[in-house]
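# Structural characterization, general
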Amino acid sequence: NGGDGSSQPASVASPPALLTYASSPAVERHRCAACQSPVYATLAKGKMAAVPLTVLDDVKNDAELAPTHHMYYGDRIMDFSDELPKYVKSAGRTAELWKGD
């Protein structure tokens, strides 16, 4: 039912097409096909996903989506004053903690 009393099914917008490419052997990046904006990346051969914060604007207060750490903090473009662990780079279980500049 379309919600308007008719027997027509409700129209559902299909998600925008994504362009996908491997930027390294363990990282696959996904961008909007229409505007080329980054949507997400899968890391560690799909075991982890990275999502730009701007994509999450509507879910800022969702505890399940709260960040757990900062990756590549040694290459950051801005500082963060929070209690989350900061890593120099991503290296799985052997990731090096950032110790300050």
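Sequence order sets the numbering: in each chain, residues are counted from 1 along the sequence as written. For a predicted model such as this one, the threshold for reporting local features is a pLDDT of at least 70, and the threshold for listing and counting side-chain atom pairs is 80 or more; totals across whole chains, interfaces and linings nevertheless cover every residue. Just so you know, side-chain values use all the structure's heavy atoms and leave hydrogens and water out.

### Remarks on a nonpolar patch on the surface
Under the convention used in this document: Within this analysis, patches are made of residues with over 30% relative accessible area and no salt bridge. Like charges are joined at 9 Å or less; nonpolar side chains (Val, Leu, Ile, Met, Phe, Trp, Tyr) at 5 Å or less. To be clear on the numbers: accessible area is Shrake-Rupley with a 1.4 Å probe, and residue cover counts the displayed protein chains and nothing else. Salt bridges are counted wherever a side-chain nitrogen of Lys or Arg sits within 4 Å of a carboxyl oxygen of Asp or Glu. Here a helix means four or more residues in a row that DSSP labels H or I, a strand means two or more in a row labelled E, and each is numbered from the N terminus. In this scheme, a residue with accessible area under 20% of its type's maximum is buried, one over 50% is exposed, and one in between is partly exposed, where area comes from a 1.4 Å probe on protein chains only.
Judged by side-chain polarity, Leu-18, Tyr-40, Val-51 and Val-55 come together as a nonpolar surface patch covering roughly 300 Å² of accessible area. Inspection of the secondary structure puts Val-55 in the segment after strand S4 (48-50). Take Val-55: its relative accessible area is 43%, and that puts it in the partly exposed class.

### Some points on the side chain of His-30
Here is the rule: N or O atoms closer than or at 3.5 Å make up a polar contact, with two conditions inside protein: a donor-capable atom paired with an acceptor-capable one, and, for residues adjacent in sequence, both atoms drawn from side chains. Only heavy atoms enter the contact rule, under which two residues are in contact if any of them lie within 4.5 Å.
Looking at the secondary structure, you find His-30 in strand S2 (residues 27-32). The buried category is assigned to His-30, whose relative accessible area is 6%. A polar atom in the side chain of His-30 sits 2.8 Å from the side chain of Thr-20. Aside from chain neighbours lying at most four places away, what touches His-30 is Leu-18, Leu-19, Thr-20, Ser-37, Pro-38, Val-39, Tyr-40, Ala-41 and Thr-42.

### Remarks on the pattern of salt bridges
Scanning all chains against the criterion turns up two salt bridges. Where Arg-76 meets Asp-79, a salt bridge forms, and the shortest distance between an N and an O atom there is 2.5 Å. Judged by relative accessible area, Arg-76 falls into the partly exposed class, the value being 22%. According to the relative accessible area criterion, Asp-79 is exposed, its value standing at 56%. A salt bridge links Asp-82 to Lys-86; its shortest N-O distance comes to 2.9 Å. Residue classification places Asp-82 among the partly exposed residues on the basis of a relative accessible area of 28%.

### Examining the packing of aromatic side chains
Worth spelling out the cut-off: Stacked, edge-to-face and tilted labels apply to pairs of Phe, Tyr and Trp rings (six-membered ring for Trp) whose centres lie within 6.5 Å, assigned for plane angles under 30 degrees, over 60, and everything in between, in that order. Only when the NZ of Lys or the CZ of Arg is both within 6 Å of the ring centre and within 35 degrees of the ring normal is a charge said to sit over the ring.
Under the definition given, this model contains one aromatic pair. Each ring, one from Tyr-73 and one from Trp-98, has its centre 4.7 Å from the other, and the planes form 70°; the classification is edge-to-face. Note that Tyr-73 is positioned in the segment after S4 and Trp-98 in the segment after S4, a separation of 25 residues in sequence. By relative accessible area, Tyr-73 is classed as buried at 3%. Judged by relative accessible area, which is 26%, Trp-98 ranks as partly exposed. The residue whose ring lies beneath Lys-86 is Tyr-73, and the NZ or CZ to ring-centre distance is 5.6 Å.

### As for the environment of Ala-26
Relative to the helices and strands, Ala-26 resides in the loop between strand S1 (18-24) and S2. On a C-alpha basis, the gap between Ala-26 and Leu-43 in space is 5.7 Å, while along the polypeptide they are 17 residues apart. The contact partners of Ala-26, leaving out residues within four places of it in the chain, are Thr-42, Leu-43, Ala-44 and Lys-45.

### Brief notes about the sheet that holds S4
What counts here: Two strands make a pair as long as DSSP finds a minimum of two bridges between them. To obtain an axis, a line is fitted to C-alpha atoms, over the contacting stretch when the element is a helix, and the angle between two such axes runs from 0 to 180 degrees between their N-to-C directions.
The antiparallel open sheet is built from four strands, whose spatial order is S1-S2-S3-S4. Each edge of the open sheet is held by one strand with a lone partner, namely S1 and S4. Each neighbouring strand pair of the sheet contributes to a mean axis angle of 25°, computed without reference to strand direction.

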